[in-house]
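Examination of the molecular architecture
For reference, the chains in residue letters:
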Amino acid sequence: MCGVCGCGNAQKTLDGKVLDGHDHTHDHAHDHQHHHGHTDGHSHAPGLDGARMVQIEMDIMSKNDGYAAQNRVRFMESGQLALNLVSSPGSGKTSLLVRTLEDLKDEMALGVIEGDQHTANDADRIRATGVSAVQLNTGKGCHLDAHMVGHAMDELALDKSGIVFIENVGNLVCPAGFDLGEAHKVVVLSVTEGEDKPLKYPDMFAASDLMLLNKVDLLPYLDFDVNAAIANAQRINPGIRVLQVSARTGEGMEGWYTFLRSALVLADVSQGPSTPTLHAAE
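Predicted model only: the values in this text are computed from it and were never measured. (Residues numbered from 1 in each chain as written. Predicted model: local features only at pLDDT ≥ 70, side-chain atom pairs only at ≥ 80, totals over all residues. Heavy atoms only, no water.)

1. Comments concerning the confidence of the model for the chain
Averaged over all residues, the pLDDT of the chain equals 83, while 76% of them reach at least 70. Predicted confidence for residues 21-45 stays below pLDDT 50, and this span has 63 contacts to residues more than four positions away or in other chains. (pLDDT = per-residue confidence, 0-100. Contact = heavy atoms within 4.5 Å.)

2. Observations regarding the pairing of strand β7 (residues 132-137)
Most of β7 is tucked away, with five of its six residues classed as buried. Alignment of strand β1 (residues 13-14) against β7, held across two bridges, turns out to be antiparallel. In the sheet register, Thr13 faces β7, and the bridge partner there is Asn137. Of the pairings in the sheet, the one linking strand β6 (residues 110-116) to β7 comprises six bridges and is parallel in character. Across the sheet, residue Asp116 finds its bridge partner in β7, namely Asn137. (Buried < 20%, exposed > 50% of the residue type's maximum accessible area, 1.4 Å probe, protein only. Helix = DSSP H or I, 4+ residues; strand = E, 2+ residues; numbered from the N terminus. Pairing = 2+ DSSP bridges.)

3. Overview of the pattern of salt bridges
In the structure shown here, the tally under the stated rule is eleven salt bridges. Arg248 is paired through a salt bridge with Asp217; the nearest N and O atoms lie 2.9 Å apart. Of the two residues, Arg248 is situated in the loop between β11 (241-244) and α9 (253-266) and Asp217 in the loop between β10 (210-214) and α8 (226-236); the sequence distance between them amounts to 31 residues. Bridged by salt links that share partners, the residues Glu107, Glu254 and Arg261 form one connected network. (Salt bridge = Lys/Arg side-chain N within 4 Å of Asp/Glu carboxyl O.)

4. Notes on the packing of aromatic side chains
Following the criterion strictly, the structure yields one aromatic pair and no others. Aromatic pair Trp256 and Phe259: ring centres 6.0 Å apart, planes at 10°, arrangement stacked. Separated by three residues within a single helix, Trp256 and Phe259 lie in helix α9, roughly one turn from each other. Given the relative accessible area of 1%, Phe259 is considered buried. (Phe/Tyr/Trp six-rings, centres within 6.5 Å; stacked < 30°, edge-to-face > 60°.)

5. Thoughts on the nonpolar core
Judged by nonpolar contacts, the single largest core of 31 residues is most densely connected at Ile163, Phe165, Leu212, Trp256 and Leu260. Where this core is concerned, the elements lending two or more residues are β5 (81-87), α3 (93-104), β6, β8 (163-167), β9 (184-190), β10 and α9. Here this core takes seven residues from α9, the largest share from any one element. Listed in part, the 18 residues of the second largest apolar core include Val187, Phe224, Val226 and Ala229. (Core = buried A, V, L, I, M, F, W, Y, C linked by side-chain atoms within 4.5 Å.)

6. Regarding the packing of α3 against α9
The N-to-C vectors of α3 and α9 enclose an angle of 70°; their axes lie 11 Å apart at closest approach. Between α3 and α9, the crossing angle belongs to the class labelled roughly perpendicular. Of the two elements, α3 crosses α9, and the hand of that crossing is right-handed. Contacts between α3 and α9 involve Leu96, Arg99, Thr100, Asp103 and Leu104 on the former and, on the latter, Met253, Trp256, Tyr257, Leu260 and Arg261. In terms of residue class, the contact of α3 with α9 is built from six nonpolar, one polar and three charged. (Axes fitted to C-alpha atoms, helices over the stretch in contact; angles between N-to-C directions. Parallel < 35°, antiparallel > 145°, perpendicular 65-115°, else oblique. Left-handed = near helix turned anticlockwise from the far one by under 90°. Nonpolar A, V, L, I, M, F, W, Y, C, P; charged D, E, K, R; others polar.)

7. Points about the state of the cysteines
What the rule picks out here adds up to zero disulfides. Here Cys142 stays free of any disulfide, with the sulfur of Cys174 as its closest cysteine sulfur at 3.3 Å. (Disulfide = S-S within 2.5 Å.)

8. Regarding the side chain of Ser87
With respect to the secondary-structure elements, Ser87 resides in strand β5. Side-chain polar atoms of Ser87 contact the side chain of Ser91, separated by 2.8 Å. Separated by 3.0 Å, the side chains of Ser87 and Lys93 make a polar contact. (Polar contact = N/O pair within 3.5 Å; in protein donor to acceptor, adjacent residues only side chain to side chain.)

9. Considering the environment of Asn71
Of note, Asn71 is situated in helix α2 (residues 50-77). Using a relative accessible area of 2% as the deciding quantity, one classes Asn71 as buried. Remark: the alpha-carbon pair of Asn71 and Ala82, spanning eleven residues in sequence, is separated by 9.6 Å.

Here it is in structure tokens:
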């Protein structure tokens with residue numbers, strides 16, 4: 001994972017403000033503290049043996065899980081549904097999110113935490129819908145982590161009982177292992193990708209509760225086997241739900257909105273997040 005890719009050396013920013021590279025304690029309005037010396041240890045330092053690398057990776061994940069637990073409590077206490085949107089680059093994840101915001105913004109409170117290595121292009125697209133968005137840039141980093149999300153929530157204006165969409169960095173590897181405090185991971189797979197993506201990147205599909213098969217409007221022009229893609233995803237994760245959608249035409253989007261409405265209702269403070277019932281492959 002990140003002990004190999006070296007992304008811990010990345011400079012992380014929140015709308016241009018540096019988050020990493022210094023020792024400090026943050027006192028947040030949500031009544032908990034983020035203590036971080038940022039000895040993430042993701043880098044391949046010369047002389048580190050295998051056992052030391054494993055220990056460093058375990059320390060990283062332990063710290064992240066602690067921050068994720070804090071985030072989860074915060075979401076639950078606010079009655080907010082947090083969804084972690086993950087995919088390969090080019091899946092149409094941002095376009096799907098923009099359409100979702102435009103269709104639902106008058107119905108419920110919505111907010112977006114936007115993750116990219118560089119630029120605020122996607123956050124600007126989100127803000128153009130009138131929905132509040134916070135940009136997180138990871139630099140060389142290949143994923144968002146729970147600590148960054150905690151910072152972003154301090155900046156995100158969102159009413160209680162709303163949905164927080166966390167659009168992760170386009171990557172089907174490292175984001176699979178990092179809990180952000182979300183209720184569900186939602187993986188977006190486009191029909192312009194291969195049907196075998198779930199088999200190539202099993203950890204991501206195993207970690208996701210819902211797969212959105214996007215760009216189905218292009219199926220007449222492609223050699224893509226929908227049934228094989230769904231079967232591969234369910235082979236990795238028999239419990240995964242699948243919805244076929246098109247962000248461009250709106251096909252299938254009502255099923256996605258039904259999922260969101262149901263999940264928001266089920267994100268009860270006393271019971272915690274539950275997975276709404278869906279048909280296996282709509």
